[in-house]
Amino acid sequence: MNSYKDLTILKFQEIHNAILISEGNEIREAYNVLSVITGVSVETYKAMKYKAFQKECEKIAWLSDAPLPDKYVNEFECKGEKFEIVQHATDWTTEQFISMSTLTKSKEQIVNNIHLILATLTKGCDTMTEHNRRSELFQNHLSIDIAYPTAFFFAQFLATLSLTSQYSSHVKKKLKLAKAIGNSKKMPNGSPESGVGIIQ
């Protein structure tokens, strides 16, 4: 494992979270990340002679040297299946719009939501079951080299768009419409039907 192409979304998320829990301590960060990549326990690295540990750290040197992937794609293949991204926000359904707004709302959670963002953006993902299937497929098998630039492109796009009053007005209308549709789908006992969609 020596490039982003070798990392699945899940492995990248695990590395990201290993860095976060290290609280800025470089040695702690190194053994937490090494543990994610090699499968060797953190305790093993803690007990190593420091010289041997430094040698082990060479295995992850590429992470600080390699630039993050930046090649946006509009279609990709995962485990033999082909997927196409709905590229224009004007073509998104109301569910996609709300889901994307929710998934990209917190900058801190975007990395942990990459697989969900990609599932939301792919054409034909119009049921919760299909969304769950795709997000799990992407998380476990899709390279972060493909996933990262595409997910972050749309996250940045929404962040920029959210600064405009036109976007704010558009989202309010979409939310109002979604709420009206949700209320109209109430079952006789008062519980909502399981909707299409994606992220509730």
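Nothing here was measured: the structure is a model prediction, and the numbers come from that model.

So, on to the pairing of strand β2 (residues 81-84). Two strands pair when backbone bridges link them, and strand β1 (residues 75-78) and β2 are joined in this way by four bridges, in the antiparallel orientation. Residue pairing across strands places phenylalanine 76 opposite phenylalanine 83, the latter belonging to β2. The antiparallel hairpin formed by β1 and β2 contains two residues in its connecting segment, where lysine 79 sits at a positive phi of about 50 degrees.

Running from N to C, helix α6 (residues 94-103) and helix α7 (residues 114-121) point in directions that differ by 165 degrees, and their axes come no closer than 10 Å. Taken together, α6 and α7 sit at an angle that is classed as roughly antiparallel. In this structure, α6 meets α7 at a crossing whose hand is left-handed. The residues of α7 that touch α6, namely those facing Gln96, Ser99, Met100 and Leu103, are Leu116, Ile117, Thr120 and Leu121.

The nonpolar side chains of a soluble globular protein tend to be buried with one another. Counting residues in each nonpolar core, the largest one holds 46 residues, and the members touching the most others are Ile9, Leu63, Trp92, Ile114, Phe138, Leu142 and Ile144. Elements that contribute at least two residues to this core include exactly α1 (9-20), α2 (26-38), α5 (61-65), β1, α6, α7, α8 (128-141) and α9 (144-161). Ranked by residue count, the leading element in this core is α9, at seven residues. Excluding anything up to four places from it in sequence, isoleucine 114 contacts Ile9, Gln13, Ile144, Ala147, Tyr148, Ala151 and Phe152.

With that out of the way, let us pick up the packing of aromatic side chains. Applying the stated criterion across every chain yields a total of 11 aromatic pairs. Between tryptophan 92 and phenylalanine 97 the ring centres are 5.5 Å apart and the planes differ by 70 degrees, which places this aromatic pair in the edge-to-face class. Residues tyrosine 148 and phenylalanine 152 carry aromatic rings whose centres are separated by 4.4 Å and whose planes lie at 25 degrees to one another, so their mutual orientation is stacked. Of this pair, tyrosine 148 and phenylalanine 152 both sit in helix α9, four residues apart, roughly one helical turn. The exposure classification of tyrosine 148 matches that of phenylalanine 152, with both residues buried. Taken together, the ring pairs in this structure connect Tyr4, Phe12, Trp62, Tyr148 and Phe152 into an aromatic cluster.

Each value, and the rule that gives it
- Residues numbered from 1 in each chain as written.
- Predicted model: local features only at pLDDT ≥ 70, side-chain atom pairs only at ≥ 80, totals over all residues.
- Heavy atoms only, no water.
- Pairing = 2+ DSSP bridges.
- Helix = DSSP H or I, 4+ residues; strand = E, 2+ residues; numbered from the N terminus.
- Axes fitted to C-alpha atoms, helices over the stretch in contact; angles between N-to-C directions.
- Parallel < 35°, antiparallel > 145°, perpendicular 65-115°, else oblique.
- Left-handed = near helix turned anticlockwise from the far one by under 90°.
- Contact = heavy atoms within 4.5 Å.
- Core = buried A, V, L, I, M, F, W, Y, C linked by side-chain atoms within 4.5 Å.
- Buried < 20%, exposed > 50% of the residue type's maximum accessible area, 1.4 Å probe, protein only.
- Phe/Tyr/Trp six-rings, centres within 6.5 Å; stacked < 30°, edge-to-face > 60°.

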